[in-house]
Amino acid sequence: MNNLFNEAGFHIIDRTMTLKVKHWRSMCKGLVLGTVLTSCMILLYCVSMPQVHISLPEVPVPYSCAHRPFHVNPKLTGNTSELSTSQTCPPKVDIMFMKTHKTASSTFLNILFRFGEKHRLKFAFPNGRNDFFYPSFFERSQVKDYRPGMCFNIVCNHMRFSAPEVSKVLPMDTSYITILRDPAELFESAFHYFGRIVPFTWKIPGDDKMTEFLLNPAHYFDPHGFNSFYLKNLLFFDFGFDNTLKVADPQVEEGIKSISGRFHLVMLVEYFEESLVLLKDALCWDMDDLVFFKLNARKGSTVSKLTPALRAKALEWNAIDWKLYQHFNKTFWAKVESYGRQRMALDVAELRRRNEEMAKICIEDGQAVEAGRIHEMAMQPWQPIGEKSIMGYNLKHNVDKAYRKLCRKMLTPEIQYLTELGVNLWITKLWGHVRDIINW
């Protein structure tokens, strides 16, 4: 009996010791992983800090450095089938695209990348990452290999806009383009995508954090909190203005006037095809330059449907962005009226026809798929922290040789396309590895 008790006691002690060893081993692994992640975060923070301002000499860029001559496009008169032989124009190639957040700007960037390659244009790219050290203000010293007097044709990466600095990188007759989105929908998308990197959201209780936040935003929002700008008047912030002003503050109206005076075309996400047609008309591009596939789209199950009450609260919370959007919604439709409603309808139908045709040629099964079903790593889109909600595409097998190159470029996500264009994204890629560990 004593031997049995002794054996049982030894087994209990041995099991207890084993559990303790496993517990300590698990704690050590967690500690090591935590240390690695913390070190990576500190490194990323250090290398992502705004660069020290360097005083550079003022050297204007009066003329374009584009390769000439370009082919001359026929200028449409009133109907897409009626070409004016007397009116022709070269495509405009000097472009500043103000890439705002969560506004289908990655889709437009793909169009711009392809146009730039087609015409052998020179992009002003950031160095080390895929944005110009956002959220710091843009400085020309952030441009890769920049020297005073250098000429570039296109600036298009995320930045916090600074008109004086941008103007010193591009020719004087550059076309300024940007895009806006309904602020309620933008807020929903931004909360989903950036919420986990805004620390004050961590204390919001419940599973539906966005609804809880909108019910009492003043209780949770910290205007001085890390990354807080993502969740209040993000558009106004991107354009370089104070996103925490009261909507009645005169500075808001001054900011809107400043944007209106600077940008030649303000597109709208909700009318993306119409926006591209206006762009084609303003820049004298070809219809072939406009074909696109929707990139960085979220799968439907992750999109929160805003009730009328929540939508009203989101617009109230983002009142400056709503005022901004309403202003440019009016100017947009004024441009459509000037272009001609019937002519616009014909051109939009033609663009949609070409997009559908390209989808049949290029995309396996003709539609976007979830991240886990994308076969090639080169086609994997960038994902937010904590989940894989952004969809992508599979390139169709045995694509006709005439379309193979175009199909691949149209389907290539932004980060991979930037790499192909020669941008060194070591900071972005390092952060991507950290993100992948967190997602795992």
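See the structure printed just above.
The rules behind the values
Residues numbered from 1 in each chain as written. Predicted model: local features only at pLDDT ≥ 70, side-chain atom pairs only at ≥ 80, totals over all residues. Heavy atoms only, no water. Disulfide = S-S within 2.5 Å. Helix = DSSP H or I, 4+ residues; strand = E, 2+ residues; numbered from the N terminus. Buried < 20%, exposed > 50% of the residue type's maximum accessible area, 1.4 Å probe, protein only. Expected span 1.5 Å × (residues − 1). Contact = heavy atoms within 4.5 Å. Polar contact = N/O pair within 3.5 Å; in protein donor to acceptor, adjacent residues only side chain to side chain.

Caption draft 1: Representation of the state of the cysteines. This structure, assessed with the given rule, holds two disulfides. Each sulfur of the disulfide joining Cys 89 and Cys 284 lies 1.6 Å from the other. Its torsion about the S-S bond being 75 degrees, the disulfide of Cys 89 and Cys 284 is classed as right-handed. Of this pair, Cys 89 sits in strand β2 (residues 83-89) while Cys 284 sits in the loop between α9 (272-283) and α10 (308-317), and the two are 195 residues apart along the sequence. Per residue, the accessibility class of Cys 89 equals that of Cys 284, and both read buried. There is a disulfide in this structure between Cys 362 and Cys 407, and the S-S distance comes to 2.0 Å. Residues Cys 362 and Cys 407 share a disulfide whose torsion about the S-S bond is about -65 degrees; that sign makes it left-handed. With Cys 362 in helix α12 (residues 341-362) and Cys 407 in helix α13 (residues 401-411), the pair connects residues that are 45 residues apart, well separated along the chain. For the pair formed by Cys 362 and Cys 407, the shared burial category is buried.

Caption draft 2: Region of interest: helix α4 (residues 183-194). Taking 1.5 Å of rise per residue, 12 residues should cover 16 Å, and α4 covers 15 Å from first to last C-alpha, within 8% of that figure. Within the span of α4, buried status applies to Pro 183, Ala 184, Leu 186, Phe 187, Glu 188, Ser 189, Ala 190, Phe 191, His 192, Tyr 193 and Phe 194. Buried residues belonging to α4 abut α5 (209-215), α7 (234-238), α10 and α11 (319-339). Near the N-terminus of α4, the side chain that reaches the backbone nitrogen of Ala 184, with its oxygen 2.9 Å away, is that of Asp 182.

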